[in-house]
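# A structural walkthrough
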Amino acid sequence: MARELSNPPELHPAPGFSHVATADGTRVVHLAGQLGLNPDFSLAADDLHGQTVQAMQNVEVALRAAGAGWDDVVRRTIYTVDPTAYEVITQAIDEVTGGAAHPAQTIVGITGLAVPGCLIEIECTAVLG
C-alpha cells in the first residue's frame with residue numbers, strides 16, 4: 001500500500017495532521033471509535049492527555065488485529081469535549097505513534113460521549129495493499 005500525505009501551500013499550516021491523504025490499496029479497514037478505557041472498561045485517566053494516550057493504544061491494538069499499522073492510516077476523526085486542546089491531543093498521539101506522519105484528521109467538539117467521564121473518542125480508517 002502506498003500512502004501519500006500532503007499539505008497544499010494554499011491552505012493553512014496543519015499542526016498535528018495532514019490536509020490530504022491519498023492511498024492505493026485493495027483492503028479498507030474501518031475502526032470503531034476507541035475511548036480512553038482500560039480492558040476492564042474503567043477510565044484510564046481523568047485527564048485528556050491520559051485518555052488520549054489510552055484511546056490511541058486501543059486504536060493500535062485494533063490496527064494490529066487487522067494487520068495494519070500507523071503508516072496505513074489515511075483518516076482519523078477525533079471527538080472530544082475539549083476540541084481546542086489540540087496541542088495536548090497531538091502530543092499524546094505522538095507519544096503512542098512514535099511521531100508517525102499524521103493522516104488527514106478532523107477534531108469535532110462534542111458535549112459528551114456514551115461512557116460517562118470519557119473526554120475523547122478516536123476512530124481511524126486504514127488502507128492495506
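Report on the accompanying structure. (Residues numbered from 1 in each chain as written. Predicted model: local features only at pLDDT ≥ 70, side-chain atom pairs only at ≥ 80, totals over all residues. Heavy atoms only, no water.)

### With respect to the overall build of the protein
Summing up its helical and strand segments, the protein has two helices and seven strands in all. Listing the helices and strands of the protein from first to last along the sequence gives β-β-β-β-α-β-α-β-β. Its C-alpha atoms put the protein at 40 × 35 × 25 Å along the principal axes. For the protein, the residues scored as buried account for 42% of the 129 residues in total. Relative to all contacts within the protein whose residues are 6 or more apart in sequence, the contacts with residues 24 or more apart total 74%. Put simply, the protein shows about 6600 Å² of open surface, and 53% of that area lies on carbon and sulfur atoms. Here the protein contributes 5 positive and 15 negative side-chain charges, whose respective centroids are spaced 8 Å apart. (Helix = DSSP H or I, 4+ residues; strand = E, 2+ residues; numbered from the N terminus. Buried < 20%, exposed > 50% of the residue type's maximum accessible area, 1.4 Å probe, protein only. Contact = heavy atoms within 4.5 Å. Areas by Shrake-Rupley, 256 points an atom, 1.4 Å probe, with all protein chains shown as cover. Lys, Arg positive; Asp, Glu negative; His and termini not counted. Charge placed at Lys NZ, Arg CZ, Asp CG, Glu CD.)

### Considering the nonpolar core
Counting 24 residues, the largest nonpolar core has V59, L63, W70 and I122 as its most contacted members. Of all the secondary structure elements, the ones that give two or more residues to this core are α1 (48–65), β5 (73–80), α2 (86–97) and β7 (120–128). Broken down by element, this core gets its largest block of residues, six residues, from α1. Aside from chain neighbours lying at most four places away, what touches L63 is L31, A68, G69, W70, V73 and A126. L37, L113, V115 and C118 belong to the second largest nonpolar core, which has five residues in total. (Core = buried A, V, L, I, M, F, W, Y, C linked by side-chain atoms within 4.5 Å.)

### Some remarks on α1
For α1, which comprises 18 residues, the first-to-last C-alpha distance of 26 Å matches the rise-based estimate of 26 Å (1.5 Å per residue) to within 8%. Buried within α1 we find L48, G50, Q51, T52, V53, Q54, A55, M56, N58, V59 and L63. Each element contacted by the buried residues of α1 is listed here: β4 (34–35), β5, α2 and β7. Phi turns positive one or two residues past the end of α1, at G67, with a value near 80 degrees. (Expected span 1.5 Å × (residues − 1).)

### Focus: the side chain of T97
Looking at the element boundaries, T97 is found in helix α2. Among the residues examined, T97 registers a relative accessible area of 12% and is labelled buried. Excluding residues that lie within four positions of it along the chain, T97 makes contacts with M56 and W70.

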